[in-house]
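# A look at the structure
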Amino acid sequence: MRLPRPAPSVRSALLAPGVALGLLCGAPTWAQDLVAADRPVQAQAPADPHSEPSNRETVISGQAATEDAPEGRASSTVTRADLERRLPRSAPDALRWEPGVFVQQTAHAQGSAFVRGLTGQQTLALFDGVRLNTSTWRQGPNQYFFTLDSRTLDSVEVLRGGASTPYGSDALGGVMLAHPLEPPRQPTPFRPTFFLRGATSDSERGGRVQVQGATERLGFIGGVGGRRIGLLESGGPVRNLTDGQLPEVPRFDEDDRTQLGTGFDEVTADGRLVWRASATDSLTAAAYLYRQFNAPRTDQCAPPFSRFDECLQYDAQFRTLAYAAWSRAEPDGLTARATLSWQQQHEQRTFNRPAFAVVDRGTDTVDTLGATVRVTPKPYTVASRPLRLTFGADGAQDFVRSKARTTFTALEVELVRSRGQYLQGSRYFTGGAFVDAEWSVHPDVTARAGTRLGLASARAPEDVESGTLAVNNTWVPWVGHAGVEWRAAQVLTLLAHVDRSFRAPNLDDLTSRQQTGPGFQFENAALSPERATTLDLGSRVHTRHVTLEGWGFATRLDGAISRRPRNVTDCPPSTPQCNASWSRFQLVNAPERSMLYGLEGSTRVRLPAAFIAQAGIAWTWGEGPNLADRPSNPDVPYSPRVPLSRVPPLNGTVELLWAHPSGLSASTGLRWAREQTRLAVADRSDARIPLGGTPGYAVLEARAAWRLGTRFVVAAVLENVTDAAYRSHGSSVNGPGRGLVVSLEATPF
Amino acid sequence: MKRIFLSLAAVALLSTACDDNDPKPTDPPDAGGTDVDCPNPPHYTENVTACQPAATDYQPRNATANNSTTDAWPACISDENTYSPIDPNISTVARVAAFDEIATKLWKGGKVPTAQEFVETYDLYTQPEGIGSRVQRREDVHYPAAPNGGRCRDEGVPATAPDRCVGPAKLLPIITDAFTRGGKGEAPRVQAARIEAALLWFFYVSPLSEVMSCGSAPKDCDSAWAYYTGGTARGEPKGLARYVRELAPETHERAYDAALAVRCWRNLDNESGTAANTELQLRARNQYDKALLRGTALILRQRLTELTCGNEEGSQARMAFINTLGPFFDRAVREINPPKADVLKAEVAKTNAEDVDVDAAVAALDAVFPCP
């Protein structure tokens, strides 16, 4: 948690209308971002969003309105301005330009961010401080961050490295903190804004109607949106590194560019009401609905080596999040926030096999009741230096419903399975209490430390018919962190930090049975928490024209929960598909340590003529024990230590940004990655990864935007200018081919 | 009384002839011929004394030949006359086990399956990674590949090469239709027989397909072995191997020899990588093909001889079996003896059991497949 902050009443007063102004007023948002992003606020923004365009550096739409990530750590932020400039397809897509983040897509309607080589359940996603991770998030990439509507986001902070002390379980590789758009903080007439968006490569057509306004005490922002997205056209096939052949995934249409098993429909709705009860207290009531329909899982539509017409599709992928929050910010520095939340994650899958006239259906629903409280009292004084403490407690209780059935359509017969992917009636709790401290030991030295006592509990009933054992486990992990920040020179800051984080096994690890990318995976009810110890060393250089940041890290995973190849004889009862699968896996705690090492760098350089250049680069290297038994044949290669699964290759970004006070702005960006040939055992049987590894790529895009007066903004991105055929490592979907993404925003009244 | 005497004699004979590797008395019979409506089917006795293995055949049972200076096969992992899996986890074993389970529920012993049993077995057949998943993509490697590099699992391709894409183009429609009709209670024994026949052909073409794919995927040699044997030792056959062994023990032994030949080839040919010795690969495949084809043909032969045995329902079931399995032999028979192929084709196409010239059909098969 970021501790000492300027009194929010002042800064927020500038930021909030700044956001509104950036959206609604004549001040060119992108120009303001480019020019002012690194500068202090020089003047207060005009309260009236209808005021005439101004060239004054008043609006900080390039900065996030909310920053929660702990200080003194490796982090970066995607701002609203970034989102408007890059026009990402989704929340995960918005993270592609962040240093140290690599986005994998198992489907066009899915996206999973790798942070420092870890993803899915080994990273934590928060929305306005509410935990999104549930106990059914599976090992490896998952689709759930995609179920945030990027059009409702003000910013996304990415904290790289472990952070279980403030955030609890799962925060091993990093934390993604999504912050929603806030309503205006000052009286503003209620008015609608219309957003239209389209893209050529996947025939996207969509829009959103948003209404926002505020009275003296009450502010509201809300909207309804939807889009229909078709098959995604790529730049062409990405071939196996070993033999140059086409991988099994994805399947292409006859043009060898259009990817089958892509496309989806999406409907969203949200409302956020903020009541400023007093000068120090505010209450927020908010609800966010995400509804995704008919989203095929690309690597299973059709599955490798299967008929063209077999398809696993998410008929419904829903998230409903509703919460109430109370916040207090006193002038003396005390801040407090408490939330009560309910979240429902619901998915309904259909695996359709027309040739057999068979449809398998699975429905999983997780209801989560959550509560958090955090209090930062006014600073204490210790040895004449300020000490800030933050106390917090949180808890999230999951209630799981899971069903599976098979329909033989020609026979009009339905078989109800004894269990779904999970066990009906399972329960899971995760939470804990923590204390964090920040002590300014010296004007140039700040020390930080904290600790958490966690609690995780898993309960799942036995299912005799499927031979599934009951689960009744409780863990009480104790973790902590410590770090120091030394301002070594006017422009140079050095940082060091060590963190111990944990992830308790969740219901997916403990109870799920599923066909995964590399084979059939079955449960292990005897898992124990995995722990990550991360050492970060970083430096920041900050001058008037240059910002430079570099980090090196080493993460040691103890008891890492990883896939161990299993024999046919290990398959649980009543799982013929386990016996018949090419590969079988069970999650186990690795008996030896796994290691991740990495280097991350980012820079931002202010150039003449209102140009700004920025770049990022990340390298990650992971290795762990080989969990497969040594082959009896000595000719078969075997190594006792092997690469960790799906660790991204060396990758980076370069962007050149320009803006003109007239409202015209332009930018170009290049994303690149080297080939990744370091494959885990499971990766080699994962159809998402071409044989031998994933080839490298470089993808160029060009962007332009024009803000016309106070009411219209047109933005466009020419993506993949060179029409490169490329794929992010571990993805089922190749990236879009050359195409245009266009966005129109209008506030006509 | 005569029947009892014959039964006792048969039991006595079996009890003296069996060794540890032979099927246990509790093992259900596979090869047909013991239907409740046809308790005394014509008995086929294999006589291959006139047959000699080809000089290029792999002969692991014959220590003299195997170790002779003229042995066409260098020393290899199969010389101990047992199969050594490349990978102990052979997914095909589960598919053969599923076949045996389906057999027990649908057709063994002339059973009249219920609609519910069709549903249960269809569920087994269509399990992810189950038999159906392989039927739908099975290719018959005797035929040229689909034009323009088409893959049999791709849309429209089976229609362009139905013989090559035998799984999706021919077997899959038969099996799906039979399960559907059976699930609706329509002529259950007939539908069960169609399923049995189609799956037996699947288990004939599959080992040969796996031999070819084993060149790049070594584990597929294990599947080539397991699709025939069910992943068992010589004397404990499952699936197709059990059918063959019960009818023609030496043919089974020769098929097992050939499965070991496949493993021997892969052992000699860069076992952990991509194979290069296509000559040895084809030699093993051809040895395997010859034995498997004869074994499968003998199953057809047996059903022909049982055709009019027993009641009407059983006869219809056997007719359906012959109508389903018989046409698949046309390619192989025609390659060897076109006139016999014409005869066989005509007889197995008849739909009325009384019209079938069993002797002519059997003679055609005997003439074309005299030796394993």
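In this report, the structure presented in the accompanying data block is examined. Given the structure is predicted, the values throughout are model-derived calculations rather than measurements.

Procedures and definitions
- Residues numbered from 1 in each chain as written.
- Chains lettered and ligands numbered in written order.
- Predicted model: local features only at pLDDT ≥ 70, side-chain atom pairs only at ≥ 80, totals over all residues.
- Heavy atoms only, no water.
- Helix = DSSP H or I, 4+ residues; strand = E, 2+ residues; numbered from the N terminus.
- Rg over C-alpha atoms; globule rule 2.2 N^0.38 Å.
- Contact = heavy atoms within 4.5 Å.
- Areas by Shrake-Rupley, 256 points an atom, 1.4 Å probe, with all protein chains shown as cover.
- Lys, Arg positive; Asp, Glu negative; His and termini not counted.
- Charge placed at Lys NZ, Arg CZ, Asp CG, Glu CD.
- Phe/Tyr/Trp six-rings, centres within 6.5 Å; stacked < 30°, edge-to-face > 60°.
- Buried < 20%, exposed > 50% of the residue type's maximum accessible area, 1.4 Å probe, protein only.
- Pairing = 2+ DSSP bridges.
- Axes fitted to C-alpha atoms, helices over the stretch in contact; angles between N-to-C directions.
- Disulfide = S-S within 2.5 Å.
- Patch = residues over 30% accessible without salt bridge, like charges linked within 9 Å, V, L, I, M, F, W, Y side chains within 5 Å.
- Salt bridge = Lys/Arg side-chain N within 4 Å of Asp/Glu carboxyl O.
- Buried area = accessible area lost by both parts, 1.4 Å probe.
- Polar contact = N/O pair within 3.5 Å; in protein donor to acceptor, adjacent residues only side chain to side chain.
- Nonpolar A, V, L, I, M, F, W, Y, C, P; charged D, E, K, R; others polar.

### Thoughts on the overall build of chain B
Scanning chain B for helices and strands turns up 16 helices and zero strands. The C-alpha radius of gyration computed for chain B amounts to 20 Å, which stays within 12% of the reference 21 Å derived for 372 residues, consistent with globular compactness. With respect to the three principal axes, the spread of C-alpha positions in chain B is 55 × 55 × 40 Å. Look at the contacts in chain B between residues 6 or more apart in sequence, and 72% of them connect residues 24 or more apart. Working note: accessible area of chain B is about 14800 Å², and carbon and sulfur atoms make up 54% of it. Computing the positive centroid from 39 side-chain charges and the negative centroid from 51, chain B places the two 2 Å apart.

### Some remarks on the packing of aromatic side chains
All told, the structure shown has 29 aromatic pairs over all chains when counted by the stated rule. Ring geometry for Trp137(A) against Tyr144(A): centres 5.1 Å apart, planes inclined by 20 degrees, an arrangement best described as stacked. Judged by centre distance (5.3 Å) and plane angle (75 degrees), the rings of Phe293(A) and Phe318(A) are edge-to-face. Of this pair, Phe293(A) sits in strand S14 (residues 281–301) while Phe318(A) sits in strand S15 (residues 311–329), and the two are 25 residues apart along the sequence. Given a relative accessible area of 29%, Phe293(A) falls into the partly exposed group. By relative accessible area, which is 19% here, Phe318(A) ends up buried. Here the aromatic residues Phe356(A), Phe408(A), Phe118(B), Tyr122(B), Tyr125(B) and Phe179(B) are joined through ring pairs into a cluster of three or more.

### Side note on helix H10 (residues 240–247) of chain B
All names here are of chain B. Counting buried positions over the eight residues of H10 gives seven, a clear majority of the element. Within H10, burial applies to Leu 240, Ala 241, Arg 242, Tyr 243, Val 244, Arg 245 and Leu 247. Looking at the packing, one finds that the buried side of H10 touches helix H3 (91–106), helix H8 (188–213), helix H9 (219–229), helix H11 (249–268) and helix H12 (278–305).

### Examining the sheet that holds strand S26 (residues 514–516) of chain A
Residue and element names in this part refer to chain A. Read from one edge to the other, the open sheet built from four strands follows the order S26-S27-S31-S30, with strand pairing classed as mixed. For this open sheet the edge positions go to S26 and strand S30 (561–565), each flanked by a neighbour on one side alone. Strand after strand, the sheet turns through a mean of 40 degrees between neighbouring axes, direction not considered. By the bridge criterion, three bridges tie strand S27 (residues 519–522) to strand S31 (residues 584–589) in an arrangement that is parallel. Following the sheet pairing, Phe 522 is matched in S31 by Gln 586.

### Structural notes on the state of the cysteines
Residue and element names in this part refer to chain A. The tally for this structure, following the rule as stated, stands at seven disulfides over all chains. Residue Cys 571 pairs covalently with Cys 578 via a disulfide, S to S 2.0 Å. When the S-S torsion is -80 degrees, as for the bridge of Cys 571 with Cys 578, the disulfide is left-handed. On the basis of relative accessibility, which here comes to 0%, the residue Cys 578 falls in the buried class. Should the bonded cysteines of chain B be numbered as they appear in the sequence, the pairing reads 1-9, 2-10, 3-8, 4-5, 6-7. By sequence order of its bonded cysteines, chain A has the disulfide arrangement 1-2, 3-4.

### Overview of a nonpolar patch on the surface
Residue and element names in this part refer to chain A. On the surface, a cluster of nonpolar side chains totalling about 800 Å² of accessible area is made up of Leu 196, Leu 664, Trp 706, Leu 708, Phe 712, Val 714, Leu 718, Leu 740, Val 742 and Leu 744. For the nonpolar patch, the secondary structure elements donating two or more residues are strand S37 (697–708), strand S38 (712–719) and strand S39 (739–746). As for its position among the elements, Val 742 is in strand S39.

### Regarding the sheet that holds strand S6 (residues 153–160) of chain A
Strand pairing within a sheet occurs via backbone hydrogen bonds; the two strands may be parallel or antiparallel. Sheet architecture is open: five strands sit in the order S1-S6-S7-S4-S5 (chain A), paired in mixed fashion. Because the sheet does not close on itself, it has two edges, and the strands there are strand S1 (74–78) and strand S5 (130–131) of chain A.

### Some details on the interface of chain A and chain B
Between chain A and chain B, the contact holds 33 residues from the first and 33 residues from the second. Taking both sides of the interface into account, the surface hidden between chain A and chain B amounts to around 2800 Å²; carbon and sulfur atoms contribute 55%. If you sort the residues of chain A by the area they bury against chain B, Phe356(A), Leu411(A) and Trp582(A) come out on top, with a joint share of 22%. Along the contact surface separating chain A from chain B lie four salt bridges. We note a salt bridge from Glu248(A) to Arg153(B), for which the minimum N-O separation is 2.1 Å. Taken together, the connections running from chain A to chain B amount to 14 residue pairs in polar contact (both at pLDDT 80 or more). Elements with a minimum of two residues in the side of chain A that touches chain B: strand S20 (413–416) and helix H6 (576–580) of chain A. Broken down by element, the residue count for the side of chain A that touches chain B peaks at four residues, all from H6(A). For the side of chain A that touches chain B, the per-class residue count stands at 17 nonpolar, seven polar and nine charged.

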